[in-house]
Amino acid sequence: MKTDIQSIQYQPAGQFEATRFEKVHNVIFNDSKQGSLQVAREISNLIRDRSNKGQKCVLGLATGSSPVKVYEELVRLHREEGLSFQNVVTFNLDEYHPMERSNIQSYHYFMHQHLFDHVDISESNVHIPDGTVPSHKVQEYCKDYERKIEEAGGLDFQLLGIGRTGHIGFNEPGSHHNSATRDITLDHVTRIDAASTFKGVENVPRKAITMGIGTIKKAKRIVLLAWGQNKAEVIRETIEGKISSEVPATYLQEHENTTFVLDKEAAALLTRIDTPWLVRNCDWTKDLTHKAVVWLSQKQEKPILQLTDKDYNDTGMSDLLSSEQSSYEINIRTFNRLQHTITGWPGGKPNADDTNRPERAEPEKKKVIIFSPHPDDDVISMGGTFDRLVSQGHEVHIVYQTSGNIAVADHEVLKAAEVANLIGPTEIFAQVTQDIKGKTDKDYDSVLVRKVKGSIRRSESYGATRYLGIPDSQVHFLDLPFYETGTIKKNPLGKEDIDMMMGIIEEIKPHQIYAAGDLADPHGTHRVCLEALFASLDILKSKPFMKECWVWLYRGAWHEWETHEIEMAVPMSPAQVLRKRKAIFFHQTQKDGVMFQGEDLREFWVRAEDRNKETALRYQSLGLASYAAMEAFVRYDFNKE
Ligand code: F6R
């Protein structure tokens, strides 16, 4: 995996030299942690500066996943570096409506949980739109909210996240650039994005109270945070697109002191990052050349070997051409590199020359760990490769990192309880039935119910792993503790999690590790599971057995690697596609409208098949062989990262 972006020094907006295409000052960090620390530093400097002058500091605050690490750092600065919030007045952007303050989904609850309960702010200085105001009084309430902001002297600093609709606050598409605090109907995409926290889209409120675009734009300083691949598209539109009410965040282009703070995944589609040859002269490294030629072939809709000098010259790549002999040479090199990623031997081909193969031929029989964040990602994301590894004689261990218990619906537990009861009534199942029936929306599952849910997923997993031919002794369930909260919100990764990950790696001493390389959601379980792996590898890397260990990353159900990134592509025959489908079917509780479906209503097996078919088609359109489907992997070199 390549980290070609260095963290860029955080500069004030005034010193920003606008890059072609970009209309908002932005800085890109290697990860959300680094970006958050800088933003927290800016806020704390402002608070201190105001305090030294005996002045108040008025902050506009956001909720959601984006600002969590900023608040964490502010709390740390308060505890460890004496940052006081005595002079701070806050106004939150928004709140669902209707919404009780005590509801764990409320923004009121969120702000207290993440910030206010841990610092010395005076409660009378805290303002959060009130989700309990009766509908007929909302308008008056909103006017009053605006007045309070003005009376406080206006917002000195406004922190923002951005929704995939381009909303800031809850100013959904269609919002006016002068809008004030008001009630608003939430966009469907926004409700889908909130569905997992509310355990289903039907529970997400339809309305909210939000500060307006006009309110936000009056802030003296604005910082918008965006982390993860999910935000990449809307970030490109907002920074490079035309100002439009369809993407309300584009209104920020008119604000003179705004900075977008991004991680590299959220910045990935900006022209200067994605296709830098369109913006400036490039240092044509091997990887950049490879990416550019794959891009060119897709853009010109021509197989790589048919690209001409004219194609290169017409698309900003003439300087690449001038440093090479001819387009033909570059074409051949790119074609060969892609060709060498294809292998039907993911564990290495015995007795074959492996100079140009993705995996080593030796040792002939490898020990393999497939880490699967939830019990089913193994078969959804790499079921074909899993099947091949087993049939080619490798010792394959499946390690399920979390129990996945949250994603099992209550009716599945009742079904299991009923079956058991029919055979012979037991106390445990009477208890389970009572726990489920007595549960209200706000309640967490009891430990017993979670246990049943986790067990259901275990037994489904065994169905799939037995079908693909591995003994139960090679199937391991870690039930990592960070996940076991009984709610959507998880604990931070702890030592115990890392120890468990290291324990299984040391026990098996694998030659190959496969893991979910998902970076889409910065706080999602896949990302945390990947962080747990990276942390373990970092500690273990000096051990002798690790010299023989190669790590391959697959992508979860949502996104696939870009073609130019792929370092191993494992083709599947039509028969293997069907075997993979059957393996996925064993995970029955995850079929039919599962809880965390998102907006893509296809079932997992359909998504997986479509995606694998698409990868094969992309290879074919670049001029390579035509397969039914392909699974894709990127190598992670833990010694370099
Ligand atoms: C939250 C808010 C929203 C969020 C946005 C992004 O107060 O106003 O605009 O900032 O929906 O949410 P996350 O950060 O969860 O991706």
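Colleague: Would you take a moment to explain the overall build of the protein for this structure?
Modeller: For the protein, the helix and strand inventory stands at 20 helices and 17 strands. For 641 residues, the compact-globule estimate of 2.2 N^0.38 gives 26 Å, and the protein sits close to it at 26 Å. Here the C-alpha coordinates of the protein stretch approximately 80 × 80 × 45 Å along the principal axes. Of all 641 residues assigned to the protein, the portion counted as buried reaches 55%. Considering only intrachain contacts with a sequence separation of at least 6, the fraction spanning at least 24 residues in the protein is 75%. Carbon and sulfur atoms form 50% of the exposed surface of the protein, whose accessible area is close to 27,600 Å². One finds the centroid of the 78 positive side-chain charges in the protein at a distance of 0 Å from the centroid of its 92 negative side-chain charges.

Colleague: Even after reading the chapter, I still don't get the nonpolar core, so can you show me in this structure?
Modeller: Soluble globular proteins: nonpolar side chains tend toward being buried together. Tyr-312, Met-317, Phe-371, Ile-505, Ile-513, Leu-533 and Leu-537 are the most contacted members of the largest nonpolar core, which totals 60 residues. No other element matches the 8 residues that helix H18 (residues 525–540) contributes to this core. Here this core spans two domains, and each of domain 2 (283–339) and domain 3 (367–636) adds at least three residues to it. Contact partners of Leu-537, with chain neighbours within four places excluded, come to Ile-505, Ile-513, Met-546, Val-551, Tyr-636 and Phe-638. Membership of the second largest hydrophobic core comes to 38 residues, among which are Val-58, Tyr-145, Ile-216 and Ile-235.

Colleague: Whenever I open this one, the packing of helix H15 (residues 427–437) against helix H16 (residues 447–467) confuses me. Can you help?
Modeller: Helices that pack against each other are described as a pair by the angle of their axes relative to one another and the distance between those axes. Where H15 contacts H16, the axes come no closer than 9 Å and their chain directions differ by 105°. Our classification of the angle between H15 and H16 gives roughly perpendicular. Contacts between H15 and H16 involve Ile-428, Gln-431, Val-432, Asp-435 and Ile-436 on the former and, on the latter, Leu-448, Val-449 and Val-452. Residue composition of the contact of H15 with H16, by class: 6 nonpolar, 1 polar and 1 charged.

Colleague: Hey, could you run me through the site of the ligand in this one?
Modeller: In the region of the ligand, 14 residues are neighbours, and Ser-66, Asp-94, His-167, Gly-169 and Lys-231 sit closest. Take Ser-65: an N or O atom from its main chain is 2.8 Å from an oxygen atom of the ligand. Backbone polar atom of Gly-161 to an oxygen atom of the ligand: 3.5 Å apart, as the coordinates give it. Look at the ligand: alone it shows 400 Å² of surface, and the protein chains cover 86% of it.

Colleague: Explain the sheet that holds strand S15 (residues 550–554) here, please?
Modeller: Note on sheets: strands pair through backbone hydrogen bonds, and any given pair is parallel or antiparallel. Strand order across the open sheet formed by 7 strands is S13-S12-S11-S14-S15-S17-S16, with mixed pairing between neighbours. The outermost strands of the open sheet, each flanked by one partner alone, are strand S13 (475–477) and strand S16 (568–572). Shown here is a sheet whose adjacent strand axes are inclined to one another by a mean of 25°, direction ignored. One ladder, built from 6 bridges, connects strand S11 (residues 367–372) with strand S12 (residues 395–400); its direction is parallel.

Colleague: Mind showing me how you'd approach helix H19 (residues 574–585) here?
Modeller: Note: α-helices contain 3.6 residues per turn, so residues at a spacing of three or four share the same orientation. Taking 1.5 Å as the rise per residue, H19 with 12 residues should run 16 Å; its terminal C-alpha atoms sit 17 Å apart, in good agreement. Taken together, the buried positions of H19 are Gln-576, Val-577, Lys-580, Ala-583 and Ile-584. End-on, the buried residues of H19 take up no more than an arc of 120°, which puts them together on one face. Along H19, the residues that are exposed and aim more than 90 degrees away from the buried face are Pro-574 and Ala-575. Contacts made by the buried residues of H19 are with helix H13 (377–391), H16, S16, helix H20 (604–621) and strand S17 (629–636).

Colleague: What exactly am I supposed to notice about the packing of helix H2 (residues 68–81) against helix H3 (residues 107–114) here?
Modeller: Remark: H2 packs on H3, axes separated minimally by 9 Å, with the N-to-C direction vectors making an angle of 40°. With respect to each other, H2 and H3 are oriented oblique. For the pair H2 and H3, the contacting residues are Val-68, Tyr-71 and Val-75 in the first and Phe-110, Met-111 and His-114 in the second.

Colleague: Whenever I open this one, the domain arrangement of the protein confuses me. Can you help?
Modeller: How big an interface is tends to be stated in terms of accessible area lost as the parts join. In terms of domain boundaries, the protein breaks down into domain 1 (23–272), domain 2 (283–339) and domain 3 (367–636). For domain 1 versus domain 3, the separation of C-alpha centres amounts to 34 Å.

Rules behind the numbers
Residues numbered from 1 in each chain as written. Predicted model: local features only at pLDDT ≥ 70, side-chain atom pairs only at ≥ 80, totals over all residues. Heavy atoms only, no water. Helix = DSSP H or I, 4+ residues; strand = E, 2+ residues; numbered from the N terminus. Rg over C-alpha atoms; globule rule 2.2 N^0.38 Å. Buried < 20%, exposed > 50% of the residue type's maximum accessible area, 1.4 Å probe, protein only. Contact = heavy atoms within 4.5 Å. Areas by Shrake-Rupley, 256 points an atom, 1.4 Å probe, with all protein chains shown as cover. Lys, Arg positive; Asp, Glu negative; His and termini not counted. Charge placed at Lys NZ, Arg CZ, Asp CG, Glu CD. Core = buried A, V, L, I, M, F, W, Y, C linked by side-chain atoms within 4.5 Å. Domains from an automatic or database assignment. Axes fitted to C-alpha atoms, helices over the stretch in contact; angles between N-to-C directions. Parallel < 35°, antiparallel > 145°, perpendicular 65-115°, else oblique. Nonpolar A, V, L, I, M, F, W, Y, C, P; charged D, E, K, R; others polar. Near = heavy atom within 4 Å. Polar contact = N/O pair within 3.5 Å; in protein donor to acceptor, adjacent residues only side chain to side chain. Pairing = 2+ DSSP bridges. Expected span 1.5 Å × (residues − 1). Arc of directions from axis to C-beta.

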